[in-house]
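# Examining the three-dimensional arrangement
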Amino acid sequence: MRRPLVLVISGPSGAGKGALCQGLLAAHPELRFSVSVTTRKPRAGEVDGSSYFFVTPERFREMVREGELLEWVEIYGNMYGTPRRWVEDTLAAGRDVLMDLEVQGGLRVKRCFPEAVLVFVVPPSLKEMERRLRERGTETEEELRRRMEEATQLLQYAARYDYLVVNDDLQRAVEVVSCIIEAERHRTERQDLSFLGRWGRKGGASG
Ligand code: 5GP
């Protein structure tokens, strides 16, 4: 049996991470999506427990103190964190986990799970990134300007990720990441077959 996969999707805002994760979940219903906790306010249409668990800053700080979060980050005054227990229980049940995290969060997850697969998603151009952010309409002009500046800085982390995917077409990006998922599943299966090497040396396999 192979080890369950920890797949992290990350990259600058406007890269289309959210839509990519939704596409992956539709294409791979076996993936379990890690729902983070956050102190930010729900946006229109966001239901508690679907994209996030919305908690107060006090409750978030308590979770940090109690070691309940695998990793956490502050983004523009809002806190976001991954529930440790949920991830550990899901992996223990043999299920593959998908996470949508800010760039440094992905690197922290890799420290906890060295076999985690980190996918860095970039938009095809800064112009397209700005267009997507404007279309999303969740940022003020000032936030949008900061996110555009931030994007170039974030690119330095791409080299520490396992894969870089250019999201110029959502369907295509889903297919590319699906190939990554299949390749990584195959790789962990092969690792678990390492005993075959020993078997071969004893003469059994080459028989
Ligand atoms: P938004 O507020 O737009 O939903 O999310 C802002 C950013 O937070 C996104 O880039 C998302 O990937 C990131 N994010 C969401 N949950 C977590 C988390 O638990 N940990 C980290 N490190 N980043 C998160």
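The structure this text deals with has already been given above.
Attention in this report is confined to the structure presented alongside it. (Residues numbered from 1 in each chain as written. Predicted model: local features only at pLDDT ≥ 70, side-chain atom pairs only at ≥ 80, totals over all residues. Heavy atoms only, no water.)

### Here's the deal with the side chain of Ser178
With respect to the secondary-structure elements, Ser178 resides in helix H7 (residues 170-191). Exposure remark for Ser178: the relative accessible area of 15% places this residue in the buried category. A distance of 2.9 Å separates the side chain of Ser178 from the side chain of His28, its partner in a polar contact. (Helix = DSSP H or I, 4+ residues; strand = E, 2+ residues; numbered from the N terminus. Buried < 20%, exposed > 50% of the residue type's maximum accessible area, 1.4 Å probe, protein only. Polar contact = N/O pair within 3.5 Å; in protein donor to acceptor, adjacent residues only side chain to side chain.)

### Comments concerning the pairing of strand E7 (residues 97-100)
Relative to E7, strand E1 (residues 6-10) runs parallel, the two being bridged by four bridges. Within the sheet, the bridge partner assigned to Val8 lies in E7 and is Met99. The sheet contact formed by strand E2 (residues 32-33) and E7 spans two bridges and is parallel. Bridge assignment links Phe33 to a residue of E7, and that residue is Leu98. (Pairing = 2+ DSSP bridges.)

### A word on the sheet that holds E1
Strand order in the open sheet formed by five strands is E2-E7-E1-E8-E9, with parallel pairing between adjacent strands. Looking at which strands have only one partner, the edges of the open sheet turn out to be E2 and strand E9 (163-166). Against the sheet, helix H1 (residues 17-27) contacts E1, E2, E7 and strand E8 (117-122), and its axis sits at roughly 165 degrees relative to E7. (Contact = heavy atoms within 4.5 Å. Axes fitted to C-alpha atoms, helices over the stretch in contact; angles between N-to-C directions.)

### Details of the pattern of salt bridges
Enumeration over the complete set of coordinates arrives at 24 salt bridges. Notably, a salt bridge pairs Arg85 with Asp89, separated by 3.4 Å at the nearest N-O pair. Remark: Asp89 and Arg85 occur in helix H3 (residues 84-92); sequence separation between them is four residues, near one turn of the helix. When its relative accessible area of 62% is taken as the criterion, Arg85 is described as exposed. For Asp89, a relative accessible area of 41% puts it in the partly exposed group. Through salt bridges with shared partners, one network takes in Arg2, Glu30, Asp96, Glu182 and Arg185. (Salt bridge = Lys/Arg side-chain N within 4 Å of Asp/Glu carboxyl O.)

### Some words on the nonpolar core
By size, the foremost hydrophobic cluster in this structure holds 21 residues, and its most contacted members are Leu7, Ile9, Leu20, Leu24, Leu98, Val119 and Val177. Elements with a contribution of two residues or more to this core: E1, H1, E8 and H7. Residues in contact with Leu20, not counting those within four places in the same chain, are Ile9, Val121, Leu170, Ala173, Val174 and Val177. Counting residues in each nonpolar core, the second largest holds 20 residues, with Val6, Val87, Ala116 and Val122 among its members. (Core = buried A, V, L, I, M, F, W, Y, C linked by side-chain atoms within 4.5 Å.)

### Some details on the sheet that holds strand E4 (residues 52-54)
With mixed pairing, four strands are arranged side by side in an open sheet as E4-E3-E6-E5. The sheet is open, and its two edges are formed by E4 and strand E5 (69-75), each paired on a single side. Taking each pair of neighbouring strands and ignoring which way they run, the sheet shows an average axis angle of 25 degrees. Pairing of E5 with strand E6 (residues 78-83) involves six bridges; the strand directions are antiparallel. Across the sheet, residue Glu71 finds its bridge partner in E6, namely Thr82.

### Some remarks on the site of the ligand
Lys17, Arg40, Tyr52, Tyr80 and Asp100 are the nearest of the 15 residues found near the ligand. A distance of 2.7 Å separates an oxygen atom of the ligand from a polar atom in the side chain of Ser36. Between the ligand and the protein, one listed contact pairs an oxygen atom with a side-chain N or O atom of Tyr52 at 2.6 Å. Alone, the ligand offers 510 Å² of accessible surface; in the complex the protein occludes 93% of this. Mapped by element, the contributors of at least two residues to the shell around the ligand are E5 and E6. (Near = heavy atom within 4 Å. Areas by Shrake-Rupley, 256 points an atom, 1.4 Å probe, with all protein chains shown as cover.)

### Brief notes about the packing of helix H5 (residues 126-136) against helix H6 (residues 141-154)
At a closest axis distance of 11 Å, the pairing of H5 and H6 adopts a crossing angle of 150 degrees. By the angle between their axes, H5 is roughly antiparallel relative to H6. Of the two elements, H5 crosses H6, and the hand of that crossing is right-handed. When H5 is examined against H6, the residues Leu126, Met129, Glu130, Leu133, Arg134 and Arg136 are found in contact with a partner set consisting of Glu141, Leu144, Arg147, Met148 and Ala151. A breakdown of the residues in the contact of H5 with H6 according to their chemical character gives six nonpolar, no polar and five charged. (Parallel < 35°, antiparallel > 145°, perpendicular 65-115°, else oblique. Left-handed = near helix turned anticlockwise from the far one by under 90°. Nonpolar A, V, L, I, M, F, W, Y, C, P; charged D, E, K, R; others polar.)

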